[in-house]
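# Report on the structure
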Amino acid sequence: MKFAALFFSLLLAAPLAAAQAAAPSASAPTVAKSNLVTLPGYSLTAAGGWIMLKNTYQGDPTLAGVALAGPAVSGKLNPSFIVTVTDVSKVPKVNRTLGVARDVRAEELPTVVQDFKWLGERTVKVGGTLGVLWSYSGKEQGVTHRWTQLMTLKGDRLYTATLALPEGTRTDVAAAGREMLDSFKLR
């Protein structure tokens, strides 16, 4: 079990650094069907006013991740929406479960998030697949954040979609971020 925990810990190092690129001021973000982002294994509808920062393949197109930065309040950190895809094929099959991934991540978060506080957790459906949806708060770069994170496992791929909302995020921007999280689908 220690091997699985260590391995998952290395794989699940979630990108806690919020997207810091300066996003231009934008009118109220919207979620439109024309903003469909389709990558190997998943899709989501990106909100208007959010800027795509990267689409990394790390040498394997099935591990494509995406990061978007939302409009920020002047002088504040940008909200971010990040999807990471982790290949878990090398984890022993007995430990290659959503429950193990959830437990490992739950143990890790308090050690990597300053002033960490659980806000809630529930089991959800992502298409026909089970997922874990949780919220937590803490500080990053000295700024209070609220994170909402969705984890789901399909085959040998662990999908983690993370919405980070720094203190001061506009209500409409936060709502657009939650709509992006709700639009996340496995393909």
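Every value quoted in this text rests on a predicted model; they were computed, and no experiment measured them.

This paragraph deals with the overall build of the protein chain. The secondary structure content of the protein chain amounts to three helices and ten strands. Ordering the α and β elements of the protein chain from the N terminus gives α-β-β-β-β-β-α-β-β-β-β-α-β. Taking contacts inside the protein chain between residues at least 6 apart in sequence as the whole, the part at least 24 apart equals 54%. Accessible surface computed for the protein chain: about 9,000 Å², of which carbon and sulfur atoms make up 55%.

Of all the five residues making up strand β4 (residues 65–69), five are buried; the element is thus mostly covered by neighbouring parts of the structure. Along β4, one buried face is formed by Gly65, Ala67 and Ala69 and the opposite face, lined by Val66 and Leu68, is buried too. As paired elements, β4 and strand β5 (residues 80–87) share four bridges and run antiparallel to each other. Across the sheet, residue Ala69 finds its bridge partner in β5, namely Ser80.

A few words now on helix α3 (residues 171–183). Side chains of residues three or four places apart in an α-helix project in the same direction, reflecting 3.6 residues per turn. Helix length check: α3 (13 residues) gives 18 Å between terminal C-alpha atoms against 18 Å at 1.5 Å per residue, within 8%. Every buried residue of α3 is accounted for by Val173, Ala174, Ala176, Gly177, Met180, Leu181 and Ser183.

Attention now goes to the packing of aromatic side chains. On inspection of all chains with the given rule, the structure shows eight aromatic pairs. Both rings, one in Tyr42 and one in Tyr159, keep their centres 5.9 Å apart while their planes meet at 70°; by these two values the pair is edge-to-face. Residue Tyr42 is located in strand β2 (residues 42–47), and its partner Tyr159 is located in strand β9 (residues 157–166); the two are separated by 117 residues in the primary sequence. Accessibility assignment for this pair places Tyr42 and Tyr159 in one class, buried. In textbook terms, an aromatic cluster arises when at least three aromatic residues are bridged by ring pairs, as seen for Phe116, Trp118, Trp134, Tyr136 and Trp147.

This part is about unusual backbone geometry. Its identity as a non-glycine residue notwithstanding, Asp115 has a phi of 55°, on the positive side. Of note, Asp115 is situated in strand β6 (residues 114–126).

Among the twelve residues in strand β7 (residues 129–140), nine count as buried, and that is most of the element. By the bridge criterion, ten bridges tie β6 to β7 in an arrangement that is antiparallel. Directly across from Trp118, in β7, lies its bridge partner Tyr136. Counting the residues that bridge the hairpin from β6 to β7 gives two residues, and of these Gly127 lies at a positive phi of roughly 70°.

Turning next to the pattern of salt bridges. Counted according to the given criterion, the structure contains six salt bridges. Among the ionic pairs, Glu121 bridges to Arg102, the shortest N-O distance being 2.7 Å. Separated by 19 residues along the polypeptide, Glu121 in strand β6 and Arg102 in helix α2 (residues 98–112) bring together distant segments of the chain. Owing to a relative accessible area of 40%, Glu121 belongs among the partly exposed residues under this scheme. We note a salt bridge from Arg105 to Glu108, for which the minimum N-O separation is 2.2 Å. A residue pair is termed a helical-turn pair when its members lie 3 or 4 positions apart in one helix, as Arg105 and Glu108 do in helix α2 at three residues.

Conventions used here
- Residues numbered from 1 in each chain as written.
- Predicted model: local features only at pLDDT ≥ 70, side-chain atom pairs only at ≥ 80, totals over all residues.
- Heavy atoms only, no water.
- Helix = DSSP H or I, 4+ residues; strand = E, 2+ residues; numbered from the N terminus.
- Contact = heavy atoms within 4.5 Å.
- Areas by Shrake-Rupley, 256 points an atom, 1.4 Å probe, with all protein chains shown as cover.
- Buried < 20%, exposed > 50% of the residue type's maximum accessible area, 1.4 Å probe, protein only.
- Pairing = 2+ DSSP bridges.
- Expected span 1.5 Å × (residues − 1).
- Phe/Tyr/Trp six-rings, centres within 6.5 Å; stacked < 30°, edge-to-face > 60°.
- Salt bridge = Lys/Arg side-chain N within 4 Å of Asp/Glu carboxyl O.

Everything listed here is a matter of coordinates, which is why it stays silent on function.
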